[in-house]
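Architecture at a glance
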Amino acid sequence: CVHCPQHSDIGLVTVIPTASGGAGLHIYDWKHCCWWDVESDAPVGVAVVFCGESLAALTASTRTVS
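What you are looking at is a predicted structure, and each value in this text was computed from that prediction instead of being measured.

The rules we used
Every chain's residues receive numbers from 1 upward, in the order its sequence appears when written. The predicted origin of the model limits local features to residues at a pLDDT of at least 70 and limits the giving and counting of side-chain atom pairs to 80 or more, whereas totals for whole chains, interfaces and linings rest on all residues. Hydrogens and water are ignored here; the side-chain numbers use all heavy atoms of the structure. Helix numbers and strand numbers start at the N terminus; a helix is a DSSP run of H or I with at least 4 residues, a strand a run of E with at least 2. It only takes one pair of heavy atoms within 4.5 Å for two residues to be counted as in contact. Between the rings of Phe, Tyr and Trp (Trp by its six-membered ring), a pair exists once the centres lie within 6.5 Å; its type follows the angle of the planes, with under 30 degrees stacked, over 60 edge-to-face, and the other angles tilted. Any residue under 20% of the maximum accessible area for its type is buried, any over 50% is exposed, and the rest in between are partly exposed; the area is computed with a 1.4 Å probe on protein chains only. Here, strands pair whenever DSSP counts at least two bridges between them.

**Here we look at the side chain of threonine 14**
On the secondary structure map, threonine 14 appears in strand S1 (residues 13-17). Threonine 14 has contacts with Asp9, Val48, Val49 and Phe50, leaving out every residue within four places of it along the chain.

**Description of the packing of aromatic side chains**
Inspection of the entire model under this criterion finds two aromatic pairs. Taking the centre distance of 4.7 Å and the plane angle of 75° together, the rings of tyrosine 28 and tryptophan 30 count as edge-to-face. Exposure remark for tyrosine 28: the relative accessible area of 15% places this residue in the buried category. Relative accessible area serves as the criterion here: at 54%, tryptophan 30 is assigned to the exposed category. Centroid distance tyrosine 28 to tryptophan 35: 5.1 Å. Interplanar angle 70°. Geometry classified as edge-to-face. Members of the aromatic cluster, each reached through a chain of ring pairs, are Tyr28, Trp30 and Trp35.

**Quick word on the pairing of strand S3 (residues 34-37)**
Look at any regular strand and the pattern is simple: side chains alternate between the two faces of the sheet. Across four bridges, strand S2 (residues 26-29) lies against S3 in antiparallel orientation. Following the sheet pairing, tyrosine 28 is matched in S3 by tryptophan 35. Counting the residues that bridge the hairpin from S2 to S3 gives four residues, and of these cysteine 33 lies at a positive phi of roughly 55°.

Structure, rendered in structure tokens:
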């Protein structure tokens, strides 16, 4: 089990534009137990959007985006 409180997001929604230089955004893949580089293959001009812990709590984690 990996516990990284510094990587948690207590907000509602987070929007992170991809970097134009050196990438650094990684998301932990719980299924494969590894960190995934989000920006390495991302198209130019996109952003990563994900819900935070507050939105998950407000919706009882019933909302998903595909």
